[in-house]
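Residue-level structural notes
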Amino acid sequence: MSRTAELDANRAALERRVVGACAAAGRSRDEVTVVAVSKTWPASDVGLLRELGVRDFGENRDREAAQKAAAVTGVRWHFVGAVQTNKARSVSSYADVVHSLDRPALVTALSKGAIAVGRTVEVLVQVSLDGAPGRGGAAPADVPMLAELVASASGLQLGGVMAVAPADADPAEAFARLAEIAAGVRRQHPHARALSAGMSGDLEAAVAAGANVLRVGTALFGHRAALLG
Ligand SMILES: *Cc1c(COP(=O)(O)O)cnc(C)c1O
């Protein structure tokens, strides 16, 4: 099978899952954006999926993301990985959406970078749902403060919240907590409606909890090489 045929088959199977998850949750398919997380996969795959109608792509490392964003245009780029402060300027030069804001220093750095290139970058506050430091994400108690900082920073637009489900826990329970945090942010910032949650393994639970942005890698591209993912 050609790579195009393989990607198209994966895309069609994923679409059936998303449609099924929306139907099961009594939600409209139109509410949900799927971000194709292309990390470790070549820019040629991104180009093929663009031809198949996919418009949103996600990356988690600055150097790789910058190269693909330069190679493939006409799509929206989402940065979903931890942002080192010294890479923030680069990230804000190509990312349309940054999902992983988890500390005040990053607000300043992304804002400066966005202003420097005259862009507006949508920013989501990443929430840690397991309290484990190092995996990224802010403590739930810090989310309102970070949301306020983003909302008032020039060059940035507060989009909503994001989380990764904890490794060894029930994703439904974790996503329910995230949905409450997202609702709190929306009360203060009614336009910040993005709830980015759900990956290849848990997207049904995320849709059931109200996620409207799914970040899907493996189900679309296949299994990443172990050391690179
Ligand atoms: C890699 C990655 C994904 C995609 O994960 P899959 O399990 O391959 O679908 C989603 N979100 C983040 C933050 C990632 O790093």
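Report follows, based on the coordinates.

Calculation criteria
- Residues numbered from 1 in each chain as written.
- Predicted model: local features only at pLDDT ≥ 70, side-chain atom pairs only at ≥ 80, totals over all residues.
- Heavy atoms only, no water.
- Buried < 20%, exposed > 50% of the residue type's maximum accessible area, 1.4 Å probe, protein only.
- Helix = DSSP H or I, 4+ residues; strand = E, 2+ residues; numbered from the N terminus.
- Pairing = 2+ DSSP bridges.
- Right-handed = clockwise from strand over helix to strand, strands pointing away.
- Near = heavy atom within 4 Å.
- Polar contact = N/O pair within 3.5 Å; in protein donor to acceptor, adjacent residues only side chain to side chain.
- Areas by Shrake-Rupley, 256 points an atom, 1.4 Å probe, with all protein chains shown as cover.
- 1 Å grid on protein atoms, 1.4 Å probe; cavity = no way out; pocket = protein on both sides within 12 Å on 5 of 7 lines; lining within 4 Å.
- Sits in = over half its atoms within 2 Å of the grid points.
- Nonpolar A, V, L, I, M, F, W, Y, C, P; charged D, E, K, R; others polar.
- Points joined across faces, edges and corners; volume = space filled by probe spheres on them.
- Salt bridge = Lys/Arg side-chain N within 4 Å of Asp/Glu carboxyl O.

1. Let's talk about the pairing of strand 4 (residues 97–101)
Extensive coverage of strand 4 is indicated by the burial of five of its five residues. With two bridges joining them, strand 3 (residues 76–79) and strand 4 adopt parallel strand pairing. Opposite His78, over in strand 4, you have Val97 as the bridge partner. Viewed along the sheet, the connection from strand 3 through helix 4 (residues 88–94) into strand 4 turns out right-handed. Direction of pairing for strand 4 relative to strand 5 (residues 121–126): parallel, over a ladder of three bridges. Within the sheet, the bridge partner assigned to Leu101 lies in strand 5 and is Val125.

2. Concerning the site of the ligand
Around the ligand, the neighbouring residues are Val37, Lys39, Val80, Met162, Met199, Ser200, Arg215, Val216, Gly217, Thr218 and Arg224. Here an oxygen atom of the ligand and a side-chain polar atom of Ser200 are 2.5 Å apart. Measuring from an oxygen atom of the ligand, one finds a backbone N or O atom of Gly217 at 2.8 Å. Against a free-state accessible area of 390 Å², the protein chains account for coverage of 87% of the ligand. At a threshold of 2 Å from the grid points, most atoms of the ligand map onto the second largest pocket. In terms of residue class, the shell around the ligand is made up of five nonpolar, three polar and three charged.

3. Focus on the layout of surface pockets
The volume enclosed by the second largest pocket comes to roughly 320 Å³. In terms of residue class, the lining of the second largest pocket is built from seven nonpolar, seven polar and four charged.

4. Quick look at unusual backbone geometry
Even without being glycine, Thr40 reaches a positive phi, approximately 75°. With respect to the helices and strands, the residue Thr40 is situated in the loop between strand 1 (33–37) and helix 2 (43–51). For Thr40, a relative accessible area of 27% gives the class partly exposed.

5. What about the pattern of salt bridges?
Counted according to the given criterion, the structure contains 14 salt bridges. Salt-bridge contacts for Glu122 lead to Arg76; the nearest nitrogen and oxygen are separated by 3.9 Å. Placement of the pair is Glu122 in strand 5 and Arg76 in strand 3, with a sequence separation of 46 residues. Given a relative accessible area of 22%, Glu122 falls into the partly exposed group. According to the relative accessible area criterion, Arg76 is partly exposed, its value standing at 37%. Among the ionic pairs, Asp96 bridges to Arg119, the shortest N-O distance being 3.2 Å. Note that Asp96 is positioned in the loop between helix 4 and strand 4 and Arg119 in the loop between helix 5 (104–117) and strand 5, a separation of 23 residues in sequence. Several salt bridges share partner residues, and in doing so they unite Arg3, Glu6 and Asp45 into one network.

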